[in-house]
Amino acid sequence: MVRYSMPGRWSLTDLSVRVGKTTFKNPVLVASGTFGYGEEYSELFDLNQLGGIVTKSITLNPREGNPPPRTCETPSGMLNSIGLANVGVDRFIQEKIPFLNKFNTNIIINVAGSTPEEYLRVVEKLNHAQGIDMLEINISCPNVKEGGMAFGSDPESAHRCTSSIRKVTNYPLMVKLTPNVKDIVEIAQAVEDSGADCISLINTLVGMAIDFRIKKPLLKTVTGGLSGPAIKPVALAMVWKVSQKVKIPVVGIGGITNTQDALEFLLAGASLIQVGTSNFVDPQTSVRIIEGLKDYCEKNEIKRVMEIVGKLEN
Ligand code: SIN
């Protein structure tokens, strides 16, 4: 709960959000893959202010990722084809979790794998670690040949993957969905049925960019995942559709750069939001949004930020 005073009177704004058994001090998280393991950003602002940190995807073994160039700028956004580069779960537990545990914010570990068994092995190792608040299961990466988005592209495999993870861990599960599907609502429902505590959406949209002068794609892998303000309308529509059809909380992701964007996602039905690409432009985006939400609630005499969630009128 955030208490603060205004000149001449006391005010009480509760920015906290409860998702299952997990309480977030505010609804603003930083998205996987845009915040590393928090180390660099901790030099730029006080991470204690965040509602939560979602780490870069962790796999069983270290991964170098895809060959460069693996990012490029596009109108109102960017493409990435990182290919799940990460230090591997053992080094992550040894070196990165202790650092993240210095902060009073929720730590959400994004888990990925090339096979269903790999997800399970990563989760089983994380079961023995300390200081993890939630897992975000990545069944939506568009940049790998095996696994990734393949597990999140049809309801049966999304169900199978989530329910097998549900059986091996007590951690709350957030499952991250891909927008590159025929019907994201049926995937969300399958994930809900398999025991997820919440659903995050959207991961990136498959896209490509070409340098016509040299007749070459800008990414070595040719296609990659599009993120940033360019995808916000798509993300908003999907968050709105999914939140009408599932009972578990929805976490909105896609081109959020300011308080207005965050409010739009809350109105569309998101209980939490994740700031992604904007971290590369202004690392303090999340802090600005948290302050902006406080001001908005104060000005509009909203006692709890949760009161805004799903209040879209049409
Ligand atoms: C990547 O590492 O290629 C991006 C991760 C993702 O889109 O889930």
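Residues numbered from 1 in each chain as written. Predicted model: local features only at pLDDT ≥ 70, side-chain atom pairs only at ≥ 80, totals over all residues. Heavy atoms only, no water.

**Student:** Would you explain the site of the ligand in this entry?
**Tutor:** Within the structure, the ligand sits among Lys56, Asn80, Ile82, Gly83, Leu84, Asn138, Cys141, Pro142, Asn143 and Asn203. Between the ligand and Leu84 there is a distance of 2.7 Å, counted from an oxygen atom to a backbone nitrogen or oxygen. Note that an oxygen atom of the ligand is positioned 2.7 Å from one of the side-chain N or O atoms of Asn143. When the free accessible area of the ligand is taken as 260 Å², the share hidden by the protein chains comes to 92%. Its residues placed into classes, the shell around the ligand shows four nonpolar, five polar and one charged. (Near = heavy atom within 4 Å. Polar contact = N/O pair within 3.5 Å; in protein donor to acceptor, adjacent residues only side chain to side chain. Areas by Shrake-Rupley, 256 points an atom, 1.4 Å probe, with all protein chains shown as cover. Nonpolar A, V, L, I, M, F, W, Y, C, P; charged D, E, K, R; others polar.)

**Student:** For this particular structure, what's the right way to read the packing of aromatic side chains?
**Tutor:** Think of a pair of aromatic rings as described by two things: how far the centres are apart, and how the planes are tilted against each other in angle. Applying the stated criterion across every chain yields a total of five aromatic pairs. Note on Phe35 and Tyr41: the rings are 4.1 Å apart at their centroids and 15° apart in plane angle, and the pair reads as stacked. According to the relative accessible area criterion, Phe35 is buried, its value standing at 0%. Residue classification places Tyr41 among the buried residues on the basis of a relative accessible area of 10%. Each ring, one from Phe35 and one from Phe45, has its centre 6.2 Å from the other, and the planes form 65°; the classification is edge-to-face. In this pair, Phe35 is assigned in the loop between strand 5 (28-30) and strand 6 (52-54) and Phe45 in the loop between strand 5 and strand 6, connecting sequence segments ten residues apart. What links up through ring pairs into an aromatic cluster is the set Phe35, Tyr41 and Phe45. (Phe/Tyr/Trp six-rings, centres within 6.5 Å; stacked < 30°, edge-to-face > 60°. Buried < 20%, exposed > 50% of the residue type's maximum accessible area, 1.4 Å probe, protein only. Helix = DSSP H or I, 4+ residues; strand = E, 2+ residues; numbered from the N terminus.)

Function cannot be inferred from these measures alone, as they are strictly geometric.
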